[in-house]
Amino acid sequence: MKILVTGGTGYIGSHTAVELQQKGYEVIIVDNLSNSSIEVLDNITRITGTRPLFEQFDLTEPERTAEFFQTHSDIEAIIHFAAFKAVGESVEKPLMYYRNNLDSLMNILQGMIDNGIRNIVFSSSCTVYGQPDTLPVREDSPIKKAWSPYGNTKQMSEEIITFTSDVNDIYSILLRYFNPIGAHESALIGELPIGIPNCLMPYITQTAIGIREYLRVWGDDYPTPDGTAIRDYIHVVDLAKAHVIAIERMIEKKGKEKVEVFNLGAGNGFSVMEVIKSFERSTGVKLDYRIMDRRPGDVVEVWSDTEYANKELGWKAEKTLDEMTLSAWRWEESLAKHIFKGS
Ligand code: UD1
């Protein structure tokens, strides 16, 4: 059964391609490699023993995308990861974000309609909730005004999919991720930020390995127990497994509605300081950090109510924070060796 994974050489996409292949699905990846490396394909192959099909092109190109779907009208379901995701950059270049994230989605939906492809899983984010009024966040918690064009593209994409599903033979699952971190246990795939990382975990591991001088902790005066901001960190492999379950749910037509929404988090809130402590504990490496001012646009705290996903998908995140931070470190170490060997 053929599954299209857009953005499949990216961080979450590559882990999902691995899980799909290990469950016997045939994976076809489309990626323009704008934020990922072709070598990821070799490493997916090393882990699973199977090389995914791969096409390099930009899904914002309507003719090229239409041609792709005509050739592959036997695709059973799509998992759509391919998108820009840097919050700060989206504030600087809003149109680039709207064009990229929305044009690609609309081209994919058109391809589905034209070729009778019925199932799509969409990569959304807890950012759609903004700073929730009550915690933990449930799937029916209100959608708040977006804090960034990036967040807005996620909200708009969810709406575009919903309205398109309503009037077409299209079934959708919108997955709202909390904070994915960590890497595959093989340390062959992981997060590969280009340039200076924005996200916490790669910044921590790059500091520990000596690429960055020190970690900047964005604010310790939040109304939280230790003053640093709280997030719901989830291991990327747990997250990837939820995608396989979502695909099975669609293929077996077990969904309750045409458009379903699930939170994908571990259900625990951890502060920035707790992540640092976990990293030091699990790896034995001391981290240099400094407290800075708050980062504009950051919410104080957010974590998920996992009850609905647990019950409906029969899925639960299993890995502990220490397992997440250790696997992120193993990946950083393996990257360092790789660069050393290559130089
Ligand atoms: C945000 C979005 C998420 C989106 C992601 C994309 C929210 C709630 N979350 O994640 O939906 O997918 O961006 O990149 O809007 N931190 C530091 N020092 C650093 C980096 C981060 O202290 O160098 C802190 C941040 O202030 C934050 C926490 O670590 O409290 C996590 O930050 P990050 O990893 O950037 O993710 P979010 O901003 O939560």
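One can find the structure itself at the top, above this paragraph.
Keep in mind that what you see is a predicted model, and the values were worked out from it rather than measured.

What counts and what doesn't
- Residues numbered from 1 in each chain as written.
- Predicted model: local features only at pLDDT ≥ 70, side-chain atom pairs only at ≥ 80, totals over all residues.
- Heavy atoms only, no water.
- Near = heavy atom within 4 Å.
- Polar contact = N/O pair within 3.5 Å; in protein donor to acceptor, adjacent residues only side chain to side chain.
- Areas by Shrake-Rupley, 256 points an atom, 1.4 Å probe, with all protein chains shown as cover.
- Helix = DSSP H or I, 4+ residues; strand = E, 2+ residues; numbered from the N terminus.
- Salt bridge = Lys/Arg side-chain N within 4 Å of Asp/Glu carboxyl O.
- Buried < 20%, exposed > 50% of the residue type's maximum accessible area, 1.4 Å probe, protein only.
- Core = buried A, V, L, I, M, F, W, Y, C linked by side-chain atoms within 4.5 Å.
- 1 Å grid on protein atoms, 1.4 Å probe; cavity = no way out; pocket = protein on both sides within 12 Å on 5 of 7 lines; lining within 4 Å.
- Points joined across faces, edges and corners; volume = space filled by probe spheres on them.
- Phe/Tyr/Trp six-rings, centres within 6.5 Å; stacked < 30°, edge-to-face > 60°.
- Pairing = 2+ DSSP bridges.
- Axes fitted to C-alpha atoms, helices over the stretch in contact; angles between N-to-C directions.
- Contact = heavy atoms within 4.5 Å.
- Nonpolar A, V, L, I, M, F, W, Y, C, P; charged D, E, K, R; others polar.

Looking at the site of the ligand
Around the ligand, a shell composed of 21 residues is seen, among which S125, L200, R216, R231 and D298 lie nearest. Here T127 contributes a side-chain N or O atom positioned 3.1 Å from an oxygen atom of the ligand. At a separation of 2.9 Å, an oxygen atom of the ligand approaches a polar side-chain atom of Y150. Contact with the protein chains hides 90% of the accessible area of the ligand, taken as 740 Å² for the molecule alone. Listed by contribution, the elements that provide at least two residues to the shell around the ligand are α7 (200-209) and β8 (215-218). Looking at which element gives the most residues to the shell around the ligand, the answer is β8, with four residues.

Re the pattern of salt bridges
Across all of its chains, the model carries 19 salt bridges by this definition. The residue E55 makes a salt bridge to R64 at a minimum N-O spacing of 2.9 Å. For E55, a relative accessible area of 22% puts it in the partly exposed group. In this structure R64 comes out as partly exposed when scored by relative accessible area, which is 24%. We note a salt bridge from R118 to D169, for which the minimum N-O separation is 2.8 Å. Of this pair, R118 sits in the loop between α5 (94-115) and β5 (119-125) while D169 sits in the loop between α6 (149-166) and β6 (171-177); the two residues are 51 residues apart in sequence, bridging distant segments of the chain.

Regarding the nonpolar core
Formed by 39 residues in total, the largest nonpolar core has its most connected members in I3, L20, V121, L175, I247 and W315. Considering each element in turn, this core owes the most residues, nine residues, to helix α8 (residues 236-251). Among the nonpolar cores identified, the runner-up in size contains 21 residues, and I28, F69, I108 and F122 belong to it.

Description of the layout of surface pockets
What the second largest pocket holds in volume is close to 290 Å³. Lining the second largest pocket we find 21 residues, and of these R118, N119, Y171, M250 and K253 sit closest to its centre. At the level of secondary structure, the elements contributing two or more residues to the lining of the second largest pocket comprise β4 (75-80), β6 and α8.

Brief notes about the packing of aromatic side chains
Taken as a whole and assessed by the stated rule, the structure comprises five aromatic pairs. Centroid distance F84 to Y97: 5.4 Å. Interplanar angle 55°. Geometry classified as tilted. With a gap of 13 residues between them, F84 in the loop between β4 and α4 (87-92) and Y97 in helix α5 connect regions that are remote in the sequence. The partly exposed category is assigned to F84, whose relative accessible area is 21%. When the centroid spacing of 5.6 Å and the interplanar angle of 90° are considered together, the rings of F279 and W329 count as edge-to-face. Highlighted residues: F279 in helix α9 (residues 272-283) and W329 in helix α11 (residues 321-342), separated in sequence by 50 residues. Per residue, the accessibility class of F279 equals that of W329, and both read buried. By the ring-pair criterion, three or more aromatic residues cluster together here, those being F57, F68 and F69.

A word on the sheet that holds strand β1 (residues 2-6)
Reading across from one edge, β3-β2-β1-β4-β5-β6-β11 is the order of the seven strands in this open sheet, with parallel pairing throughout. Two strands close off the open sheet at either side, each with one partner strand: β3 (53-55) and β11 (259-264). Pairs of neighbouring strands in the sheet enclose a mean axial angle of 20°, with direction left out of account. Across four bridges, the pairing between β4 and β5 is parallel. Looking at β5, one finds that A77 is bridged to N119. Docked against the sheet, helix α1 (residues 11-22) engages β1, β2 (26-30), β4 and β6, running at close to 160° with respect to β2.

Concerning the environment of G130
Summarising the element assignment, G130 is placed in the loop between β5 and α6. A sequence separation of 13 residues divides G130 from I143, and the C-alpha atoms of the two residues are 7.3 Å apart. If we skip the residues at most four places from it in the chain, G130 touches K144, W147 and V299.

Considerations on empty space enclosed by the protein
All chains considered together, the criterion is met by two cavities of 30 Å³ or more. In this model, the largest cavity occupies a volume close to 100 Å³. Lining of the largest cavity is provided by 14 residues; of these, E191, P202, T205, A328 and W331 occupy positions nearest its centre. Elements with a minimum of two residues in the lining of the largest cavity: α7 and α11. Of the residues that constitute the lining of the largest cavity, the class distribution is nine nonpolar, three polar and two charged. Here the second largest cavity defines a volume of roughly 40 Å³. In this structure, the second largest cavity is lined by H80, A82, A83, N101, F122, T153, K154 and S157.

Note that every value here comes from positions in space, so none of it alone points to a role or purpose.
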